[in-house]
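# Coordinate inspection notes
Okay, here's what each chain looks like letter by letter:
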Amino acid sequence: MTSPSRTCHHWVIGDVHGCADSLERLVAKLPARDRLVLCGDVINRGPQIRSTMELAWGLVDSGRAVWLKGNHEADLVEALRQGNWMAHRALAGCDTYRQLGDRHTRLWQERLEQLPCSYGGPGWVATHAGFDPATWEPDLSIRMPFWQSYDGRFGEVVIGHTPGPQVRRLGQIVMVDTGACYGGELSAYCPETGAIHAVPGLRDRRLTPFSKQLAGCLP
């Protein structure tokens, strides 16, 4: 688990999913001296994936942010290891691969492989989806088994992965994915203070109402 090197406030940002404009607006609203934690699934789905990745990596490279691995990043890395799009169908169906092309996607492979799965401070930890109750290691795709079994051992756990209409709490679990790529918001939560900031997500994508999208955006 990666830990902060100095005492500061942190903002855990929900699944960006290719919404670069929203990420840029949200970052501009947050205190410049605070640390940002991108809670995984920065890639795929939205129309600005390349710009989103470059913005996110720029924040990482400057030392301002940590980019956690989500299931979308992990799946892309695994597909890239399998070969080209003709050999592995997951690449052919990947939004990131289609928008960036083979060469540019593979330039990101090493970076995506090295993304941490969790990041924590005193009394809290952020990870993409939760922890496997059998091992208490990060699990990038888990939902209900973690929600039902979490015993508070890590303090407050801040997760993305499961979109909803607002930042919400389930015991000591805080869910910050508010469906930016589905017409919801992109949200940031401060585990030290409980404060929340949010900006509008993707508004020009032709989708059915947000509430009808939840069942289709869970993978």
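The structure contained in this document is the topic of the report that follows. Computed from a predicted model, the values in this text were never measured in an experiment.

## Comments concerning the overall build of the protein
When its secondary structure is counted, the protein shows eight helices and 10 strands. Considering only intrachain contacts with a sequence separation of at least 6, the fraction spanning at least 24 residues in the protein is 62%. Here the protein has roughly 10,100 Å² of accessible surface; of this, 50% comes from carbon and sulfur atoms.

## Remarks on the side chain of Asp 41
Here Asp 41 shows up in the loop between β2 (35–38) and α2 (49–61). Buried charge Asp 41 goes without a salt bridge, the closest partner of opposite sign being Arg 45 at 6.3 Å. If we skip the residues at most four places from it in the chain, Asp 41 touches Asp 15, Val 16, His 17, Gly 70, Asn 71, His 72, Glu 73 and His 128.

## Notes on the nonpolar core
Ile 13, Leu 36, Leu 38, Met 53, Trp 67, Leu 112 and Leu 186 are the most contacted members of the largest nonpolar core, which totals 38 residues. Of all the elements in the fold, those that place two or more residues in this core are β1 (10–13), α1 (20–29), β2, α2, β3 (65–67), α3 (71–82), α5 (95–107) and β9 (185–189). When residues of this core are assigned to their parent elements, the largest contribution, five residues, is made by α2. Setting aside residues no more than four positions away along its own chain, Trp 67 makes contact with Leu 38, Val 42, Ile 43, Met 53, Ala 56, Trp 57, Val 60, Glu 73, Trp 108, Leu 112, Leu 115 and Pro 116. Ranked by size, the runner-up nonpolar core spans 13 residues in total, among them Val 37, Cys 39, Tyr 119 and Tyr 189.

## Digging into α2
Between its first and last C-alpha atoms α2 spans 18 Å; for 13 residues at 1.5 Å apiece the expected length is 18 Å, and the two agree. Among the residues making up α2, those that are buried are Ile 49, Thr 52, Met 53, Ala 56, Trp 57 and Leu 59. Along the long axis of α2, the arc covered by the buried residues comes to 155°, so they all point the same way. Looking at the buried positions of α2, the neighbouring elements they touch are α1, β2, β3, α5 and α6 (109–113). Where α2 ends, the next residue or the one after it, Gly 63, has phi of about 90°, a positive value.

## Notes on the sheet that holds β9
Judged by pairing direction, the sheet is mixed, and its five strands sit side by side in the order β3-β2-β1-β9-β10 without closing on themselves. Whereas interior strands pair on both sides, the edge strands pair on one side only; in this sheet they are β3 and β10 (196–200). Across the sheet, the mean angle from the axis of one strand to that of its neighbour is 20°, orientation sign disregarded. Strand direction decides the pairing type here: β9 and β10, joined by five bridges, are antiparallel.

## Some thoughts on the environment of Phe 146
Tracing the backbone shows Phe 146 in helix α7 (residues 144–149). C-alpha separation for the pair Phe 146 and Ile 173, spaced 27 residues apart in sequence, amounts to 9.5 Å. If near-sequence neighbours (up to four positions away) are discounted, Phe 146 is found in contact with Ala 129, Gly 130, Phe 131, Pro 133, Trp 136, Val 157 and Ile 173.

## Description of the packing of aromatic side chains
Each aromatic ring pair is specified by the distance between its two centres and by the angle formed by the two planes. Going through the model one piece at a time under the given rule, you end up with 10 aromatic pairs. The interplanar angle of 65° and the centroid separation of 6.1 Å between the aromatic rings of Trp 136 and Tyr 150 together place this pair among those described as edge-to-face. Residue Trp 136 is found in the loop between β5 (124–127) and α7, and its partner Tyr 150 is found in the loop between α7 and β6 (156–159); the two are separated by 14 residues along the sequence. Tyr 150 shares its class with Trp 136; the two are buried. By the ring-pair criterion, three or more aromatic residues cluster together here, those being Phe 131, Trp 136, Phe 146, Tyr 150 and Phe 154.

## A closer look at the layout of surface pockets
What the largest pocket holds in volume is close to 240 Å³. Lining the largest pocket are 12 residues; nearest its centre among them are Asn 44, His 72, Asp 75, Gly 93 and Cys 94. In terms of residue count, the dominant contributor to the lining of the largest pocket is α3 (five residues). Considering only residue class, the lining of the largest pocket consists of five nonpolar, four polar and three charged.

## Let's talk about the pattern of salt bridges
Under the definition given, this model contains seven salt bridges. The salt bridge involving Asp 95 is made with Arg 98; its shortest N-O contact spans 2.4 Å. Within this pair, Asp 95 and its partner Arg 98 are both found in helix α5, separated by three residues, close to a single helical turn. In this structure, Arg 153 engages Asp 151 in a salt bridge whose closest nitrogen and oxygen atoms are separated by 2.8 Å. We classify Arg 153 as partly exposed; its relative accessible area is 47%. Through salt bridges that share partners, Glu 78, Arg 81 and Glu 113 make up one connected network.

Rules used throughout
Residues numbered from 1 in each chain as written. Predicted model: local features only at pLDDT ≥ 70, side-chain atom pairs only at ≥ 80, totals over all residues. Heavy atoms only, no water. Helix = DSSP H or I, 4+ residues; strand = E, 2+ residues; numbered from the N terminus. Contact = heavy atoms within 4.5 Å. Areas by Shrake-Rupley, 256 points an atom, 1.4 Å probe, with all protein chains shown as cover. Buried < 20%, exposed > 50% of the residue type's maximum accessible area, 1.4 Å probe, protein only. Lys, Arg positive; Asp, Glu negative; His and termini not counted. Salt bridge = Lys/Arg side-chain N within 4 Å of Asp/Glu carboxyl O. Core = buried A, V, L, I, M, F, W, Y, C linked by side-chain atoms within 4.5 Å. Expected span 1.5 Å × (residues − 1). Arc of directions from axis to C-beta. Pairing = 2+ DSSP bridges. Axes fitted to C-alpha atoms, helices over the stretch in contact; angles between N-to-C directions. Phe/Tyr/Trp six-rings, centres within 6.5 Å; stacked < 30°, edge-to-face > 60°. 1 Å grid on protein atoms, 1.4 Å probe; cavity = no way out; pocket = protein on both sides within 12 Å on 5 of 7 lines; lining within 4 Å. Points joined across faces, edges and corners; volume = space filled by probe spheres on them. Nonpolar A, V, L, I, M, F, W, Y, C, P; charged D, E, K, R; others polar.

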